[in-house]
Structure formats: C-alpha cells, structure tokens
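# Examining the three-dimensional arrangement
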Amino acid sequence: MTRRVVFVTGGMGGIGSAICRRLAAEGHTIVAGCLPGYEQKDQWLEAMRAEGFTVYAAEGDVANYESCVDMFAQLRSAVGQVEILINNAGITRDSVFKRMTEHHWHEVINTNLNSVFNVTRQAIDGMVERGWGRIVNISSVNAIKGQFGQTNYSAAKAGMAGFSKSLAQEVVRMGVTVNTVSPGYVETDLVMAMRAEVRAQIVASIPMGRLAKPAEIAAVVAFLASEEAGYITGANISVNGGMHMM
Ligand code: CAA
Ligand code: NAP
C-alpha cells in the first residue's frame, strides 16, 4: 500500500480524531488541523503517538483564507504535499430562523463552507500536478433533509455537496476524486451540546435507534480515500442509520 500524506481539518475533534486514527492505522502520515493556540494540541499528539501513529499538527483558522495559506506553509515544511484532504472542521449555531443573527449566519457559512474553498485551494494544484489525490468533504444528513433550527448549517452543508460535484468534474481526468460523506447524528461534542430533551427526541427518530460512532464515519472516509475507491467521484455517501433514505 502506498503511504500518503493526509490532512484532516478539525482533526482533533470527535469525528476528526476517528478519521486520523483510522488513516494512521493504515500507515499514512497524518496532519491534524486545529485552531491556533488550541490548548489540548500537545496532549492529543502525545496520545496518538503513544498508539504508534505518525501524526503532526498544523494550526490555522479554516474560516480565514490567509490563515490557511500560512497553515499550508507549516504543513509543507513538516511533511510535504497533501495527497488526501479531509474537509471536516465545522460548527453549529442553531436557532430558529426568526431569531438567527447575521453573525451566526456568517460564522457557520464561513467555517463550514467558505473553509472548503480556503483549504482545498491550497491543496488541489499539487494533487493535479502529481496526478493523484483524494478529497472527502464531511457534510450532514441535515444538508439533504433540512432541520428545524439549522438554516445556516443546512445551507452550508448542502453547499459542500454542490462544490464536491463541480470540482469532481474539473479534476476527473487528473487522478483526483472529490466526494462527500453525509453523517447522521454522531456521538461527539457537537451532538452532546444540544438540549438533552431535543437530543432524546432526535435519537428516538433514528430507525437504527442509536447515534453513530465516530469510527463508523471514519471507515467510510477511509474507503473513499483509498486506492480501491479510485472510480468513485462526485458521490455523496449517507451514513445515517436509516434516518433519511434517498
Ligand atoms: N419541527 C416542528 N416544530 C418543532 C421542531 C421540529 N423539528 N422542534 C421544535 N419545534 C417547536 C417546539 O415544539 C416549540 O413549539 P412551541 O413554541 O409551540 O412549544 C417551538 O418549535 C420552539 O422549539 P424550541 O423550544 O426547541 O425552541 P428553542 O428556541 O428553545 O430551540 C433550537 C431552538 C435550538 C433550534 C432547538 O429546537 C434545537 O436544538 N433543535 C435541534 C437542532 C438540531 O438538530 N441540531 C443538530 C446539532 S448536531 C449537528 O448539526 C450534526 C449533524 O450534522 C447531524
Ligand atoms: P467537533 O468534535 O466539535 O469537531 C469539530 C472540529 O472542528 C473541532 O476540532 C473544532 O476545533 C474544529 N474547528 C471548528 N472551527 C474551526 C475553525 N474555524 N478552524 C479550524 N478548526 C475548526 O464536531 P464533530 O462532530 O467531530 O464534527 C466534525 C464534522 O462533522 C463537522 O463538520 C460537523 O458538521 C460534521 N458532522 C457532525 C455530525 C455529528 O452528529 N457529530 C453529523 C454530521 C456531520 P475546536 O474544538 O477547537 O473549536
């Protein structure tokens, strides 16, 4: 198996850590992105290295283009060119639309959608020049079905899927695939931040009767990032316990 350089944005979060662990276990070199000054960075790196993995960190704010330029300069000097990019960083700022502030609208669009431009722009030319690359964008079931209280989040996540299909067409002859994974509700801080009774109602509505485990999302991401998935591009893979079937 060819060992690749992988960059996972939001790589130290719930789903991000599972993706890093899974791809590291396959022998790849991992760079986990985090916000500048993230306090648990060293602890995270030590824990992953204790498991025998080759991991690095790159600090940057994915919502800010210049910060992404600097982050990729750090990253290239540490490990070289990114061959597998996982756009995973994301936030929620849920509220009913009539109470949604302009700030919360822009915060979510910048972090969850404009980030995909900011980061992918840094990596795509190298992938095309070398004739190989994998990009996986982490969207959401709520991009496809919509969700009460998430006009900002659903719009941003649906935008990711449109981005993936368009870029996939531009680079399809150059060995680069671009796909989207749309998880349902996963056991991470993002879901635990919801009010307990709202969360309980949502869990009760999931046909499989439970939240997803981060490793169940990571397994699908790892497949799309593999050599074997070379004929899959522009796809949007749902991993949602039957919550929304297309
Ligand atoms: N459909 C229709 N009506 C609903 C509803 C729904 N899904 N959910 C709530 N309502 C109703 C309520 O019954 C309530 O009605 P009354 O005023 O008649 O009592 C009214 O709408 C207001 O609801 P809340 O009390 O919940 O309003 P709030 O302002 O306190 O909270 C909210 C609003 C923060 C959006 C809250 O409803 C909420 O957290 N909803 C869930 C949002 C969600 O799913 N977020 C996912 C986070 S994790 C994630 O995003 C990962 C991923 O990709 C899956
Ligand atoms: P999480 O644990 O909160 O992880 C999100 C990560 O993104 C955190 O490490 C966070 O860093 C980082 N991040 C946020 N804003 C950033 C920024 N501006 N620049 C750089 N990094 C930033 O949440 P998660 O559940 O693992 O979510 C990962 C992705 O999956 C998100 O895109 C989310 O929308 C998507 N998703 C999650 C679920 C779910 O149910 N959990 C379902 C569908 C899709 P800090 O912690 O330092 O802020």
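Keep in mind that this is a model prediction, so the values were computed, not measured.

Turning to the sheet that holds strand 5 (residues 133-138), a few remarks are in order. With respect to topology, 7 strands assemble into an open sheet ordered 3-2-1-4-5-6-7, the strand pairing being parallel. Unpaired on one side and paired on the other, strand 3 (55-59) and strand 7 (236-239) mark the two borders of the sheet. Ignoring which end each strand starts from, the neighbouring axes of this sheet average 20 degrees apart. Examined bridge by bridge, strand 2 (residues 29-34) and strand 3 share 5 bridges and lie parallel to one another. Residue pairing for strand 3: G33 is matched across the bridge by A58.

Taken as a whole and assessed by the stated rule, the structure comprises 2 aromatic pairs. Arranged with centres 5.4 Å apart and planes meeting at 85 degrees, the rings of F7 and F72 form a pair that is edge-to-face. Here F7 is found in strand 1 (residues 5-8), whereas its partner F72 is found in helix 3 (residues 65-79), with 65 residues between them in sequence. No difference in accessibility class separates F7 from F72, as the two residues are buried. Its guanidinium or amino end placed over the ring of W132, R4 lies 3.5 Å from that ring's centre, counting from NZ or CZ. Here the guanidinium or amino end of R49 rests over the ring plane of Y56, the centre of that ring lying 5.8 Å away.

This next bit is on helix 1 (residues 14-25). Across its 12 residues, helix 1 extends 17 Å between first and last C-alpha, which sits within 8% of the 16 Å expected from 1.5 Å per residue. Of the surrounding elements, those touching the buried residues of helix 1 are strand 1, strand 2, helix 2 (41-50), strand 4 (84-87), strand 5 and helix 9 (214-224).

To continue, consider the site of ligand 1. As a structural note, the neighbourhood of ligand 1 is formed by 18 residues, with D94, R99, S140, Y153 and Y185 the closest of them. Residue D94 places a side-chain N or O atom 2.7 Å away from a nitrogen atom belonging to ligand 1. Y185 has a polar side-chain atom sitting 2.7 Å from an oxygen atom of ligand 1. Considering only residue class, the shell around ligand 1 consists of 8 nonpolar, 7 polar and 3 charged.

What counts and how
Residues numbered from 1 in each chain as written. Chains lettered and ligands numbered in written order. Predicted model: local features only at pLDDT ≥ 70, side-chain atom pairs only at ≥ 80, totals over all residues. Heavy atoms only, no water. Pairing = 2+ DSSP bridges. Helix = DSSP H or I, 4+ residues; strand = E, 2+ residues; numbered from the N terminus. Axes fitted to C-alpha atoms, helices over the stretch in contact; angles between N-to-C directions. Phe/Tyr/Trp six-rings, centres within 6.5 Å; stacked < 30°, edge-to-face > 60°. Buried < 20%, exposed > 50% of the residue type's maximum accessible area, 1.4 Å probe, protein only. Lys NZ or Arg CZ within 6 Å of the ring centre and 35° of its normal. Expected span 1.5 Å × (residues − 1). Contact = heavy atoms within 4.5 Å. Near = heavy atom within 4 Å. Polar contact = N/O pair within 3.5 Å; in protein donor to acceptor, adjacent residues only side chain to side chain. Nonpolar A, V, L, I, M, F, W, Y, C, P; charged D, E, K, R; others polar.

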